[in-house]
Amino acid sequence: MSIKAEEISALIKQQIENYESDIEVNDVGTVIEVGDGIARAHGLDNVMAGELVEFSNGVMGLAQNLEESNVGLVILGPYTDIKEGDEVRRTGRIMQIPTGEKMLGRVVNPLGQPVDGQGPIETTRTRPIESPAPGVMDRKSVDEPLQTGIKAIDALVPIGRGQRELIIGDRQTGKTSVAVDTILNQHDQDMVCIYVAIGQKESTVRGTVETLRRHGALDYTIVVTASASQPAPLLYLAPYAGVTLGEDFMYNGKHVLVVYDDLSKQAAAYRELSLLLRRPPGREAFPGDVFYLHSRLLERAAKLSDAKGGGSLTALPFVETQAGDISAYIPTNVISITDGQIFLQSDLFFSGVRPAINAGLSVSRVGGSAQIKAMKKVAGTLRLDLASYRELEAFAQFGSDLDKSTQAKLNRGARTVEVLKQGLHQPLAVEKQVMIIYALTKGYIDDIPVEDVTRFESEFHTWLDNNRKDLLSEIRSTGKLAAEEDMNEAVEAFSKTFLVSE
């Protein structure tokens, strides 16, 4: 059997045409040092800053320090199985987490993995956890109120959608309660809420989740938790995971509220990471870029322009102070980034004024543009009244004789403090807030004994619900005060029915 030359050449041509060269190029390095959640690897010459790498046991890492002879990697998970000489390979992608509506009602860790025991989250959308903040031309000024349901905030330091309002105070002064009440009040406001718990006890986070579930708020809330027992990298990543989940909704035209509880613990975790990576320490041993750590996070909160869909992301960062010192390093950094702060004072808290908001040190740099017209009108003089009351209160303690106008200011001030007190998990609709503050500023409460003011308020709200629903719905729908004679008539009619306790 003879083999023809043309047959052979045809076969060779066919083989060449169908030849596929599958060469896979992998950047693989070797672990040269590991410990305390940090690994150093040799051989990853082309790795990018912030890129994900994979160790031979499947644990992921994050490239942080790109040095001449090695790369500093932060290990995102258990590091006890990783040893010197292990292989580590590039993945070619930066850190991403799953996002989307399916995340609502779930408790996840900073990597987007569920930790609530309710099975996997079936979502196909992902976003990188580090992304640039919206530019100047993509934003518009804050002009829509975010109702917290807390009288002292909505009247004195209003928060607008797209604002960054710092909540600052010592431990155990009710910071988390303010955030939880704000989330509870969003049940009818078409808001998505994200609560980021950083470095808290797992039992505390569980308690918060149960509170949200009990009040039906978990349906529109995502909880991101990096508890105190987690390694420092997860505490550092938690706020970025929270804002990334929020951005997905914001860029789809929705309104989002993100609570970071609290950034002091994130800064401490970042300090730990930086020192282990041998980065030079600065003030209070924090690294030089600790300001950038928070500014690049908080700048991602915005009110988007109509061309970009008009969505908003409101940030409520928390910072814990030591003995009320708001001039420490991290507090001053975050104060300079945010659009105002709400200062919670332990002295007020322990004297029974709750929420313990110090109106003198608290400020909102968005101001009246984040209030409905009705609230702006009735609460206009409230801050001044409160400030002059606090000033006079110090003098009145000397027991000297006071003239009539001073006595009147003290009386009004004491009742103002009582009206601004509020129970835990009892957010109040804005129209009811307007009505009680109107009654206060118009002098209808001046003759009520101080100990009866709280009862007067709760009975007044019940009376309005039963007898003057039209008045409440008018304020709610128009955002403006009803006719003055109608308002006065309602308060006077109720005052006649109110019985002062003997």
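The following paragraphs examine the structure supplied in this document. Within each chain, residue numbers correspond to sequence positions counted from 1 in written order. Given that this is a predicted model, residues contribute local features only at a pLDDT of at least 70 and side-chain atom pairs are listed and counted only at 80 or more, while totals for whole chains, interfaces and linings are drawn from all residues. Each side-chain value is derived from all of the structure's non-hydrogen atoms; neither hydrogens nor water enter the calculation.

**Description of the packing of aromatic side chains**
Here a ring pair, both rings aromatic, is described through the centre-centre distance and the interplanar angle of the planes.
Part 1: Pairs were defined over the aromatic rings of Phe, Tyr and Trp, the Trp ring being its six-membered one, requiring ring centres within 6.5 Å. Orientation was assigned from the angle between planes: stacked under 30 degrees, edge-to-face over 60, tilted for the rest. All chains considered together, the criterion is met by 10 aromatic pairs.
Part 2: Seen in terms of ring centroids, Y236 and Y240 are 5.9 Å apart; in terms of plane orientation they differ by 70°. Their pairing is edge-to-face. Here Y236 and its partner Y240 are both found in helix α5 (residues 232–250), 4 residues apart, which amounts to about one turn of the helix.
Part 3: When a residue's accessible area, from a 1.4 Å probe over protein chains only, is under 20% of the maximum for its type it is buried; when over 50% it is exposed; and in between it is partly exposed. Given a relative accessible area of 0%, Y240 falls into the buried group.
Part 4: Taking the centre distance of 5.1 Å and the plane angle of 70° together, the rings of F456 and F494 count as edge-to-face. Note that F456 is positioned in helix α14 (residues 453–467) and F494 in helix α16 (residues 484–497), a separation of 38 residues in sequence. As far as burial versus exposure is concerned, F456 and F494 are alike and both buried.
Part 5: Within the aromatic cluster, the residues linked to one another by ring pairs are F456, F460, W463, F494 and F498.
Part 6: Charge over a ring is defined by NZ of Lys or CZ of Arg lying within 6 Å of the ring centre and within 35 degrees of the ring normal. Over the face of the ring belonging to F286 we find R271, whose NZ or CZ atom lies 4.3 Å from the ring centre. Secondary structure elements follow DSSP: runs of H or I no shorter than four residues count as helices, runs of E no shorter than two count as strands, and numbering proceeds from the N terminus.

**Let's talk about helix α8 (residues 329–337)**
Part 1: Here α8 lies mainly inside the structure; 7 of its 9 residues are buried.
Part 2: Those residues of α8 lying buried are Y329, I330, P331, N333, V334, I335 and I337.
Part 3: Contact partners of the buried residues in α8: β12 (166–169), α6 (263–276), α7 (290–298), β17 (312–320) and β18 (340–344). Note on contacts: a residue pair qualifies if any of its non-hydrogen atoms lie within 4.5 Å across the two residues.

**Examining the sheet that holds strand β2 (residues 38–42)**
Part 1: Strand order around the closed barrel formed by 6 strands is β1-β2-β5-β4-β3-β6, with antiparallel pairing between neighbours. Between one strand and the next, the sheet's axes are offset by a mean angle of 45°, whatever the strand orientation.
Part 2: Pairing analysis gives 5 bridges linking strand β1 (residues 28–35) to β2, with the strands arranged antiparallel. Across the sheet, the residue bridging to T30 is H42, located in β2. Two strands qualify as a pair provided that DSSP identifies no fewer than 2 bridges between them. Axes here mean lines fitted to C-alpha atoms, for a helix over just the part in contact, with angles spanning 0 to 180 degrees between N-to-C directions.

**So, unusual backbone geometry**
Part 1: Residue D261 is joined to D262 through a cis peptide bond whose omega torsion reads 0°.
Part 2: In this fold, D262 is placed in the loop between β15 (255–261) and α6.
Part 3: Of note, the amide linkage connecting R354 to P355 takes the cis form, showing an omega dihedral of 0°.
Part 4: With respect to the element layout, P355 can be found in the loop between α9 (346–350) and β19 (363–364).
Part 5: Even without being glycine, D190 reaches a positive phi, approximately 55°.

**Thoughts on the pairing of β12**
Part 1: Of the two faces of β12, the one carrying L166 and I168 and the one carrying I167 and G169 are both buried.
Part 2: Taken together, the 4 bridges between β12 and β18 define a ladder with parallel strand orientation. Bridge pairing in β18 links G169 to L344.

**Let's talk about the nonpolar core**
Part 1: For our purposes a nonpolar core is just a set of buried Ala, Val, Leu, Ile, Met, Phe, Trp, Tyr and Cys residues, chained together by side-chain atoms within 4.5 Å. In this structure, I183, M375 and I445 are the most contacted members of the largest nonpolar core, which totals 76 residues.
Part 2: Of all the elements, helix α13 (residues 430–441) adds the most residues to this core, at 8 residues.
Part 3: Other than its neighbours up to four places away in sequence, M375 contacts D154, A155, V430, Q433, V434 and I437.
Part 4: The next biggest cluster of nonpolar side chains, apart from the first, holds 58 residues, and it includes L111, Y240, F249 and L304.

**Digging into α13**
Count 3.6 residues to each turn of an α-helix, and residues three or four apart come out pointing the same way.
Part 1: Along its 12 residues, α13 runs 16 Å from first to last C-alpha, staying within 8% of the 16 Å computed at 1.5 Å per residue.
Part 2: Most of α13 sits out of view: 11 of its 12 residues are buried.
Part 3: Within the span of α13, buried status applies to V430, E431, K432, Q433, V434, M435, I436, I437, Y438, A439 and L440.
Part 4: Just beyond α13, the residue with positive phi is G443, at close to 85°. Expected helix span is computed as 1.5 Å times (number of residues minus one).

**Side note on the side chain of Q371**
Part 1: Structurally, Q371 can be placed in the loop between β19 and α10 (373–378).
Part 2: Of note is the side chain of Q371, whose polar atom sits 2.9 Å from the backbone oxygen of D154.
Part 3: As used in this structure description, the phrase polar contact means that two N or O atoms lie within 3.5 Å; if the pair is within protein, one of them must be able to donate a hydrogen and the other to accept it, and residues adjacent in sequence are counted only when both atoms belong to side chains. Within the structure, Q371 has its side chain in polar contact with the backbone oxygen of A155 (distance 3.1 Å).
Part 4: For Q371, the residues in contact, after removing those within four places along its chain, are P145, D154, A155, P158 and K376.

**Quick notes on a nonpolar patch on the surface**
Part 1: Residues I8, I12 and I16 make up a contiguous nonpolar surface patch of about 290 Å² in total accessible area.
Part 2: Relative to the assigned elements, I12 resides in helix α1 (residues 5–17).
Part 3: Looking at I12, the relative accessible area reads 46%, which means it is partly exposed. For patches, a residue must show more than 30% relative accessible area and have no salt bridge; joins then use 9 Å for like charges and 5 Å for nonpolar side chains, namely Val, Leu, Ile, Met, Phe, Trp and Tyr. Here, Shrake-Rupley sampling with a 1.4 Å probe gives the accessible areas, and only protein chains in the shown set may cover a residue. A pairing counts as a salt bridge when a side-chain nitrogen of Lys or Arg comes within 4 Å of a carboxyl oxygen of Asp or Glu.

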